[in-house]
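Single-letter residue listing:
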Amino acid sequence: MTGAVGAEPSRAVLIGTARYTHLAAIPAATANVTDLADVLTRPGAAFTTGQCVTVLDPDRTGVGNEVGRAARGASGLLLVYYTGHGLLDRRGRLHLAVPGSDPADVRWTAVPFETLREEILDSPARVRVLILDCCFAGRAFEAMADVPSLVAGQTDIHGTYTITSSSANEPSFAPADHRNTAFTGAFLAVAAAAPASTLDELYRETDRHLHLAGHPRPQCRNIDIAADLRLFGQPQPPTTPAATMPGAGRDDTPAPPAPITPAVSPGGPASGDHPHHSPALEPIEDREPGRPAPDVRRRIGRRRVLTGAAIAIPLTAATAAGITALRSPTTPNRLAGTSASPSAPAQLAWTTAAVLTGHTGKVYSVAFNPAGTLLATGSSDKTARLWDVTSRQLVGQPLTGHTGDVESVAFNPAGTLLATGSYDQTVRLWDVASRELVGQPLGHTNGVVSVAFNPAGTLLATGSYDQTVRLWDVASRELVGQPLGHTSWVLSVAFNRDGTLLATGSSDQTVRLWDVASRELIGQPLTGHTNEVVSVAFNPTGTLLATGSYDMTVRLWDVASRELVGQPLGHTDLVWSVAFNPAGTLLATGSLDKTRLWDVASRQLVGQPLTGHTDGVLSVAFDPAGTLLATGSFDTTVRLWK
């Protein structure tokens, strides 16, 4: 565990109800508790064996006794986990089921969440974590809504972090014949793949995992600092040497795992899956329909994604199978037009010119300034950095101030300003010369994923998980008109060469083209991708648009006709970033399966994929001369290729 709670006493109580008298059994609840206890008490994790109590099939008094004992005994970290049926009383209030709970008499036979909530809030623990894996778990947020007023003035309370397996009105799922429920199985798989993850990182990757598998999406709310807590292990220092010599690093891409039968189909639950609640709950007509929980969904966005069948793999199997390398079994590994071209352009051998180290988290974004003398990078370590391209050295200290991952960076056309977009829901503008913040941050209502200046430098476009694109007047720092929208997260934005068009890509699987002057959508959205569109880029003439998606493909579109040009270009894993070279003859695509270069005219692969990063590539960018390519990676490094 990190130093968030120091050596103060910590406690965990893990509650699971598998057997019921009036409800369907959930055998996976027992495995959920035992597997979670195992990883929470391993060497380097948050708890010792004596600090972690498991409670299986308790009665109401048993739940109260164990939670109360843990709450009173924790002054450092308190973790409470429940897995089982979630029940609603006639007023729509959440209750946690125990073996004798009766859906016809919820108030007297189940544990009111309100009681659990009060016990947690009364604990002297400085950091509290609540995890609910049950139906209607999102109701917990409604009950916890007054936390800020309760803790006002109590400066010794450092954090409360709540994760629920579904929203206020959704069932959670327990896939038939699998060891764990969908949510806990995904949570454990992510913990096995990346034990040094913070709570925020665990939540985001679990969210992505469930989303891609078609399960209900978890919800999250945190107050104060608990988001940075590590439950399962300490971060390890980067393995890539700090030297900037060519060829540093290695290529150790894991081999694809053996095929595994998926727990669900991409479109929804597989046959045999069942929600945590019994069908007997459905006829209860007199309960009040619950209002939707606040939109606190927080996306993993642009992190390693665990796809397909991994969701239902037992923890030990997930580890053995190399869960970080799992691919979706429903997506072809290669599409037409992806073979290496025998007549590719002359520059076939791009080699590592330098390895830039210093970030302590994944590098989500890279961007050259217009002169090609500086490279900006943004990272999950919550910093942006400026690098001297010639000396390959860091320029000054990292730019700090964001309280969330820095997911996008962009220079204005004059190279005098740097925009940084962050998961903390803000965009910051920095004076490049002084390295000082310019004015107050610009705001969204959820994390900011993508930022781009128009060619004149007068407008800044920002895309966010709040499903909007916002245009800002750079001089006045005011919002221009109303936000533009998608039906889901906006993950990428890009202007064309004259700034008349704005392209946006979204997790709704579409690309939209907007007339910047009128702020109107041009025609219908571009469709064809079968998963989230995470990167968009115009070629230098503005005649082609490249789009990269989690469906493992890159598509080229004729901007005038809005038609697909040829067949999609294929990767064997998720595509995160696309970028044209300044001549428009090459397209670089970054993916979990390395970086690839494509001849735009022939749409053929140029040479072999670039090897050197020890993990997937999140971001790619050419310098203004087209002689250098920068790539940012999950491995915390940036590579320059020439």
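Residues numbered from 1 in each chain as written. Predicted model: local features only at pLDDT ≥ 70, side-chain atom pairs only at ≥ 80, totals over all residues. Heavy atoms only, no water.

Participant: So, the overall build of the protein chain: which residues are in play, and what are the values?
Facilitator: Broken down by element type, the protein chain carries nine helices and 44 strands. Residue pairs in contact within the protein chain that sit at least 24 positions apart in sequence constitute 62% of those at least 6 positions apart. For the protein chain, the accessible surface area stands at approximately 23200 Å², while carbon and sulfur atoms represent 53% of it. (Helix = DSSP H or I, 4+ residues; strand = E, 2+ residues; numbered from the N terminus. Contact = heavy atoms within 4.5 Å. Areas by Shrake-Rupley, 256 points an atom, 1.4 Å probe, with all protein chains shown as cover.)

Participant: Explain the nonpolar core residue by residue, including any values.
Facilitator: Leu14, Leu36, Leu79, Leu231 and Phe232 are the most contacted members of the largest nonpolar core, which totals 33 residues. Of all the secondary-structure elements, those providing two or more residues to this core are strand S1 (11–16), helix H1 (28–40), strand S3 (77–83), strand S7 (127–133), strand S8 (159–164), helix H7 (182–193) and helix H8 (199–213). Among the elements that make up this core, the one with the highest residue count is H7 (seven residues). Among all residues touching leucine 79, those that are not within four sequence positions of it are Arg11, Ala12, Val13, Leu14, Leu40, Phe47, Val129 and Leu231. With 32 residues, the next largest nonpolar core counts Ala18, Ile26, Leu78 and Val80 among its residues. (Core = buried A, V, L, I, M, F, W, Y, C linked by side-chain atoms within 4.5 Å. Buried < 20%, exposed > 50% of the residue type's maximum accessible area, 1.4 Å probe, protein only.)

Participant: Lay out the pairing of strand S14 (residues 352–356) with the relevant residues and their values.
Facilitator: Counting buried positions along S14 gives five out of five residues, so the element sits mostly inside the fold. Relative to strand S44 (residues 638–641), S14 runs antiparallel, the two being bridged by four bridges. Paired with alanine 354 across the strands is leucine 640, a residue of S44. (Pairing = 2+ DSSP bridges.)

Participant: Break down the pairing of strand S35 (residues 553–558) for me, citing the residues and quoting the values.
Facilitator: A large share of S35 lies buried, amounting to five of its six residues. Where strand S34 (residues 544–549) and S35 come together, five bridges link them in antiparallel fashion. What sits directly across from alanine 546, in S35, is leucine 556. Between the end of S34 and the start of S35, which pair antiparallel, lie three residues, with methionine 552 showing a positive phi angle near 75°. Sheet analysis places S35 next to strand S37 (residues 569–570), joined by two bridges and oriented antiparallel. Residue valine 554 lies in a different strand from S37, and its bridge partner there is leucine 569. Bridge analysis of S35 against strand S36 (residues 563–564) gives two bridges, and the strand direction is antiparallel.

Participant: Pulling in residues and values, what's your account of the packing of H1 against H7?
Facilitator: One way to put it is that H1 packs onto H7 with a least axis distance of 11 Å and a crossing angle of 20°. Here H1 is positioned roughly parallel relative to H7, judged by the angle of their axes. As for how H1 packs across H7, the hand of that crossing is left-handed. Contacts between H1 and H7 involve Asn32, Asp35, Leu36 and Val39 on the former and, on the latter, Thr184, Phe187 and Leu188. In terms of residue class, the contact of H1 with H7 is built from four nonpolar, two polar and one charged. (Axes fitted to C-alpha atoms, helices over the stretch in contact; angles between N-to-C directions. Parallel < 35°, antiparallel > 145°, perpendicular 65-115°, else oblique. Left-handed = near helix turned anticlockwise from the far one by under 90°. Nonpolar A, V, L, I, M, F, W, Y, C, P; charged D, E, K, R; others polar.)

Participant: Describe the packing of aromatic side chains, with residues and values.
Facilitator: Under the counting rule described, the total for this entry stands at seven aromatic pairs. Taken together, a centroid distance of 5.0 Å and an interplanar angle of 70° make the contact between tyrosine 550 and tryptophan 576 edge-to-face. Here tyrosine 550, found in the loop between S34 and S35, pairs with tryptophan 576, found in strand S38 (residues 575–580); they are 26 residues apart in sequence, far enough to count as distant. Like tryptophan 576, tyrosine 550 is buried. A connected cluster of aromatic rings, assembled from ring pairs, spans Phe183, Phe187 and Phe232. Here the guanidinium or amino end of arginine 204 rests over the ring plane of tyrosine 423, the centre of that ring lying 3.8 Å away. (Phe/Tyr/Trp six-rings, centres within 6.5 Å; stacked < 30°, edge-to-face > 60°. Lys NZ or Arg CZ within 6 Å of the ring centre and 35° of its normal.)

Participant: So what's going on with the confidence of the model for the protein chain? Residues and values would help.
Facilitator: Low pLDDT marks stretches whose predicted atomic positions should not be read closely. With 74% of its residues at a pLDDT of 70 or more, the protein chain shows a mean pLDDT of 79. Contacts of residues 1–6 to residues separated by more than four positions or lying in other chains number 21 contacts, the stretch itself having pLDDT below 50. Scored below 50 in pLDDT, residues 141–158 shows 35 contacts in the model against residues more than four places distant or in partner chains. (pLDDT = per-residue confidence, 0-100.)

Participant: Run through the environment of leucine 610, naming residues and quoting values.
Facilitator: With respect to the helices, strands and loops of the structure, leucine 610 is situated in the loop between strand S41 (604–605) and strand S42 (617–622). By relative accessible area, which is 8% here, leucine 610 ends up buried. In sequence terms leucine 610 and threonine 352 are 258 residues apart; their C-alpha atoms lie 8.7 Å from each other.

Participant: I'd like to hear about the sheet that holds S42, residue by residue, with values.
Facilitator: As summarised here, the arrangement of the four strands in space is S14-S44-S43-S42, forming an open sheet in which the pairing is antiparallel. Among the strands making up the open sheet, the edge pair consists of S14 and S42. Direction aside, neighbouring strands of the sheet carry axes that sit 20° apart on average. When S42 meets strand S43 (residues 629–633), the two strands line up antiparallel, connected through five bridges. When the bridges of S43 are listed, valine 617 appears paired with serine 633.

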